[in-house]
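What follows is the residue order along each chain.
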Amino acid sequence: YHRQEARRDGIFAGLTSGLAGGKFPLVSSRFMGFGRNKTIISATLTGLLSGYFFTQAFLSSNMAQLRSKSKSTSTSVSSDTETGP
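Residues numbered from 1 in each chain as written. Predicted model: local features only at pLDDT ≥ 70, side-chain atom pairs only at ≥ 80, totals over all residues. Heavy atoms only, no water.

*Asks:* Give me the lowdown on the overall build of the protein, citing residues and values where you can.
*Replies:* Helix and strand counts for the protein come out as three helices and zero strands. In the protein, the succession of helices and strands from N to C terminus is α-α-α. The burial tally for the protein puts 15% of its 85 residues in the buried class. Carbon together with sulfur atoms contributes 64% to the accessible area of the protein, which is approximately 6,800 Å² in total. (Helix = DSSP H or I, 4+ residues; strand = E, 2+ residues; numbered from the N terminus. Buried < 20%, exposed > 50% of the residue type's maximum accessible area, 1.4 Å probe, protein only. Areas by Shrake-Rupley, 256 points an atom, 1.4 Å probe, with all protein chains shown as cover.)

*Asks:* Quick rundown of the side chain of N62? Include the residues and the values.
*Replies:* Mapped onto the fold, N62 is located in helix 3 (residues 36-82). Its relative accessible area of 8% is what places N62 among the buried residues. Ignoring anything within four residues of it in the chain, the contact list for N62 reads H2, E5 and A6. (Contact = heavy atoms within 4.5 Å.)

*Asks:* Let's hear about the pattern of salt bridges: which residues, and what values?
*Replies:* In the structure shown here, the tally under the stated rule is one salt bridge. Across the pair D9 and R8 runs a salt bridge, and its minimum N-O distance is 3.2 Å. Looking at D9, the relative accessible area reads 24%, which means it is partly exposed. (Salt bridge = Lys/Arg side-chain N within 4 Å of Asp/Glu carboxyl O.)

*Asks:* Before we move on, can you summarise a nonpolar patch on the surface with the specific residues and values?
*Replies:* On the surface, L45, L49, Y52 and F53 cluster together to form a nonpolar patch covering roughly 440 Å² of accessible area. Secondary-structure assignment places F53 in helix 3. (Patch = residues over 30% accessible without salt bridge, like charges linked within 9 Å, V, L, I, M, F, W, Y side chains within 5 Å.)

*Asks:* Tell me about the environment of G18, residues and numbers included.
*Replies:* Residue placement: G18 occurs in helix 1 (residues 2-23). Classification of G18 as buried rests on a relative accessible area of 14%. Residues G18 and T46, 28 residues apart in the sequence, show an inter-C-alpha distance of 5.6 Å.

Next comes the structure, spelled out in structure tokens:
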């Protein structure tokens, strides 16, 4: 479940950054001297890379939360068994 959630968030982040990169061709054409095709390739590459890195970050974050919950659950279970009747 956590991988699917991280993948979904990463895809959304990648699409957003790719669309933002393609939406503003003024930056790429004026400041970097890109033509139409290079702008499209740049926006696609930006979307793919940011989607990948955001997916990895979200996955790491979700796994850390899962480990934290697992540790707190195991700690509370062990403390409950120690204080039994």
